[in-house]
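Structure at a glance
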Amino acid sequence: MTDTAAPSYAPSYVDPARPPRRKWRLVRGVWKFLVAIKDALVLIAMLLFFGLIFAALNARQSTTAIKDGALVLDLNGSIVEQPEEQAAFAALSGQSRTRQFRLRDVVRSIDTARTDARVKVVVLDLDSFGGAYPAALGEVGDALARVRASGKPVLAYATAYTDGGYRLAANASEIWVNPLGGTIFMGPGGNQLYYKGLIDKLGVNAHVYRVGRYKSFVEPYTRADQSEDAKAASTALYGTLFAQWREAVAKARPKAQIAQFMTAPDKVILAANGNIAEANLRAGIVDKLGDRTSFGRRVAEIAGSDATKPAGNYTAIKYDAWVKANPLPTAGDSIGVLTIAGEIVDGESGPGKAAGKTIEKAVLDGLAKKTLKALVVRVDSPGGSVMASEQIRLAILEAKRQKLPVVVSMGGLAASGGYWVSTPADVIFAEPGTITGSIGIFGVVPTFENALAKIGVTSDGVKTTPLSGQPDITGGTTPMFDAIAQAGIENGYRQFVSRVAASRKMTPARVDEIGQGRVWDGGTARQIGLVDRFGTLQDAIDEAAKRAKLDPAKVHAEYLEKKPGFLATIAQDFGSDGDDDAGGGDAFAHVAADRRQMLARAVGDMKRLATSGAIQARCLECGGMGPTSAGIGDAKLLDLLLARIGF
């Protein structure tokens, strides 16, 4: 019997430093998965990037393919002097923003449509119109009236017209309204939010230093209601501007019986059994009742349509394509146009805000080219930082040192700091509806000693001088600091008055009399000497050319402003001219949108209280007659706040 070797069950040797194969496989699998995700994200980003470029190039190429049809002015936003720059890829990230239309582009698009045979009719879609300042509404309305006077039809449509929207629609050949909508005129005015009660509950002390009996910008932080002086000034301003609105509507549309809708709208509407649209029709405020399909069929009768598309379609010329197909002229000598639009702030900023350093650079760079024959300063600002206003004023004075004529053209508003920067002008143009004046300054310093005390926090320390640590936001200000701050504000006001007096050839006493923070309409401002003439931006450019001894017909405007960046241009092209029209909703939707804008401005006001430390020349009343939409910054802040609390 042969012996056989017994099988060995002894374990084989395993290197403890070497991980098992299964673990290696798991690590390699995870790594490959992560690499695949990375590659996919890179691919998606590249496709997205080149897709945006393709969309932008397509948008530009389409400008040469304008065909006969209806020029559609879908004003789904506000009309402003200088739109804020849209953040790149904002539309793709789900962010929404109210569009801003550049005033000069809107006017140019209407004027070119008047003489271009390809445009058979101008269509005004005002369902989501966000408003504009009275002067801007007047300029656009006049352009529409010129089209209508030429014999070319202008058709307007909305579910419910705002006061500003109707100011434009009144110039139309036909005004349509949705049968389930209708228009009730509100008039200017309404409630302003006051934060004194909230500030007191939070334990915040708002230290206010100001000069100007009517300088009411600080009142929301110091009072629970409007002062009698501020109320009297606002009543006079709003009353004049509203009278101008009524006069303009009556001139454009004499048959519109708007008086009864101002004095007793309830009686008129009840007489129509609550049918507001029918009441509008009876009063001659509108011409036709119909939904969008019916309106589209009417436009198609004039502009043509595509039989393969759904009912209500018509051949349309998109606004953005039309603007690009009709660029600003470039022939002849250059008249520089400097735009000062939006809040005046220190430092640098993009379009839509008048940053001192940014505008100073634009002026000096433009002058350095030695090609400008004159300078027109277009102002559309409620004011802001005194330091930035002075920086801009000194830059404009450099043009005068180079012997260039300087003409100021006031847009919707040129108040407080907006008037400060206007003082170097040889002549000032404005519109009757321009809001200007508000010669006065203020400063606000919030301190939080009471708020901190509520949670048991106090402050203490060593001071080497009476002003050590002042203004102390955690411990409060001292009487000495308050006295110095107020003296500085009073000195700033004297400088403001002296600049206006020298510019307008008045005595300081007279400027002080019409100053004191009082806000004026353009018509009154001309009567009291703050404005020289009525006229548009083009009138100011013509005047500048004449003062430079040039033929106004042989010059062009060269705008001294930063061009949009590459990504901003792509974002604008990508987000404009959508084919779908969501409409503006019914009258209640409009009211809800307005209330949201008010809430956004309130949140922004509280932020400004906490962060604004510079001496300010700013106007409060100016916002009551302008676009209804809040600034982009305020809207973003509100969205962030609502997201944090779960809305």
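Residues numbered from 1 in each chain as written. Predicted model: local features only at pLDDT ≥ 70, side-chain atom pairs only at ≥ 80, totals over all residues. Heavy atoms only, no water.

In this section: the overall build of the protein. When helices and strands are tallied, the protein shows 23 helices and 22 strands. Scored against the burial criterion, the 647 residues of the protein give a buried share of 47%. In the protein, once contacts between residues fewer than 6 apart in sequence are set aside, the share between residues at least 24 apart is 77%. About 32000 Å² of surface is accessible on the protein, with carbon and sulfur atoms providing 57% of the total. (Helix = DSSP H or I, 4+ residues; strand = E, 2+ residues; numbered from the N terminus. Buried < 20%, exposed > 50% of the residue type's maximum accessible area, 1.4 Å probe, protein only. Contact = heavy atoms within 4.5 Å. Areas by Shrake-Rupley, 256 points an atom, 1.4 Å probe, with all protein chains shown as cover.)

This part takes up the environment of valine 377. In this structure, valine 377 sits in strand β13 (residues 372–381). Take valine 377: its relative accessible area is 0%, and that puts it in the buried class. On a C-alpha basis, the gap between valine 377 and serine 409 in space is 6.0 Å, while along the polypeptide they are 32 residues apart. When near neighbours in sequence (up to four residues on either side) are disregarded, valine 377 contacts Leu338, Ile340, Ile396, Val406, Val407, Val408 and Ser409.

Right, let's talk about the environment of valine 555 for a bit. Structurally, valine 555 can be placed in strand β21 (residues 555–559). For the pair valine 555 and lysine 373, spaced 182 residues apart in sequence, the C-alpha to C-alpha distance is 9.3 Å. Sequence-distant contacts of valine 555, defined by excluding residues within four places in its chain, comprise Ala331, Gly332, Asp333, Ile335, Ile541, Ala545 and Leu550.

Here we come to the confidence of the model for the protein. Here the protein averages 85 in pLDDT, and 78% of its residues register 70 or above. Considering only residues more than four positions removed or in separate chains, one finds that residues 59–63, a stretch of pLDDT under 50, has 7 contacts. (pLDDT = per-residue confidence, 0-100.)

Attention now goes to helix α14 (residues 386–401). Taking 1.5 Å per residue, 16 residues should reach 22 Å; α14 reaches 22 Å between its end C-alpha atoms and fits that length. Listed in full, the buried residues belonging to α14 are Val386, Ala388, Ser389, Glu390, Ile392, Arg393, Ala395, Ile396 and Ala399. For α14, the capping residue at the N-terminal end is serine 385, with a side-chain oxygen 3.2 Å from the backbone nitrogen of methionine 387. Within two residues after α14, lysine 403 carries a phi angle of roughly 70 degrees, on the positive side. (Expected span 1.5 Å × (residues − 1). Polar contact = N/O pair within 3.5 Å; in protein donor to acceptor, adjacent residues only side chain to side chain.)

To continue, consider the side chain of asparagine 178. Looking at the secondary structure, you find asparagine 178 in the loop between β6 (174–177) and α5 (196–202). Residue classification places asparagine 178 among the buried residues on the basis of a relative accessible area of 16%. Discounting chain neighbours no more than four positions away, the residues touching asparagine 178 are Tyr157, Ala158, Thr159, Ala277, Gly290 and Asp291.

Let's shift gears to the packing of helix α2 (residues 103–115) against helix α3 (residues 134–149). When two helices pack together, you describe them by how their axes are tilted relative to each other and by the distance separating the axes. Between α2 and α3, whose axes approach to 8 Å, the crossing angle comes to 10 degrees. If you check the angle between α2 and α3, you find them roughly parallel. Facing α2, whose interface residues are Leu103, Val106, Val107, Ile110, Asp111 and Arg114, α3 presents Ala136, Glu139, Val140, Ala143, Leu144, Arg146 and Val147. Here the residues of the contact of α2 with α3 are counted per class, giving 9 nonpolar, no polar and 4 charged. (Axes fitted to C-alpha atoms, helices over the stretch in contact; angles between N-to-C directions. Parallel < 35°, antiparallel > 145°, perpendicular 65-115°, else oblique. Nonpolar A, V, L, I, M, F, W, Y, C, P; charged D, E, K, R; others polar.)

Applying the stated rule across the entire model yields 31 salt bridges. Aspartate 111 is the salt-bridge partner of arginine 146, the closest N and O atoms lying 3.1 Å from each other. Taken together, the positions of arginine 146 in helix α3 and aspartate 111 in helix α2 put the pair 35 residues apart, joining distant regions of the chain. We classify arginine 146 as partly exposed; its relative accessible area is 34%. With a relative accessible area of 22%, aspartate 111 lands in the partly exposed category. Among the salt bridges present, the one from aspartate 125 reaches arginine 292, with a minimum N-O distance of 3.1 Å. Of this pair, aspartate 125 sits in strand β4 (residues 119–125) while arginine 292 sits in helix α11 (residues 292–303); the two residues are 167 residues apart in sequence, bridging distant segments of the chain. What makes aspartate 125 buried here is its relative accessible area of 7%. Taken together, the shared-partner salt bridges connect Arg102, Arg104, Asp105, Arg108 and Glu561 into one network. (Salt bridge = Lys/Arg side-chain N within 4 Å of Asp/Glu carboxyl O.)

Here the focus is the side chain of aspartate 472. Take aspartate 472: it is sitting in the loop between α16 (449–454) and α17 (479–504). Of the side chains with opposite charge, lysine 463 lies nearest to the buried aspartate 472, which makes no salt bridge, at 5.4 Å. In this structure aspartate 472 touches Thr447, Ser459 and Thr477, once residues within four positions along its chain are discounted. (Lys, Arg positive; Asp, Glu negative; His and termini not counted.)

Applying the stated criterion across every chain yields a total of 12 aromatic pairs. Measuring from ring centre to ring centre gives 5.6 Å for tryptophan 176 and phenylalanine 295, while their planes differ by 70 degrees; the resulting arrangement is edge-to-face. Of this pair, tryptophan 176 sits in strand β6 while phenylalanine 295 sits in helix α11; the two residues are 119 residues apart in sequence, bridging distant segments of the chain. Classification of tryptophan 176 by relative accessible area gives buried; the value is 7%. Note on phenylalanine 217 and phenylalanine 442: the rings are 5.2 Å apart at their centroids and 20 degrees apart in plane angle, and the pair reads as stacked. In this pair, phenylalanine 217 sits in the loop between β7 (205–211) and α6 (219–222) while phenylalanine 442 sits in strand β18 (residues 441–447), placing the two residues 225 residues apart along the sequence. (Phe/Tyr/Trp six-rings, centres within 6.5 Å; stacked < 30°, edge-to-face > 60°.)

Once that is clear, we can look at the pairing of β18. Here β18 lies mainly inside the structure; 7 of its 7 residues are buried. By the alternation rule, side chains of β18 split into Ile441, Gly443, Val445 and Thr447 and Phe442, Val444 and Pro446, which are all buried. Where β7 and β18 come together, 7 bridges link them in antiparallel fashion. Residue pairing across strands places arginine 210 opposite phenylalanine 442, the latter belonging to β18. (Pairing = 2+ DSSP bridges.)

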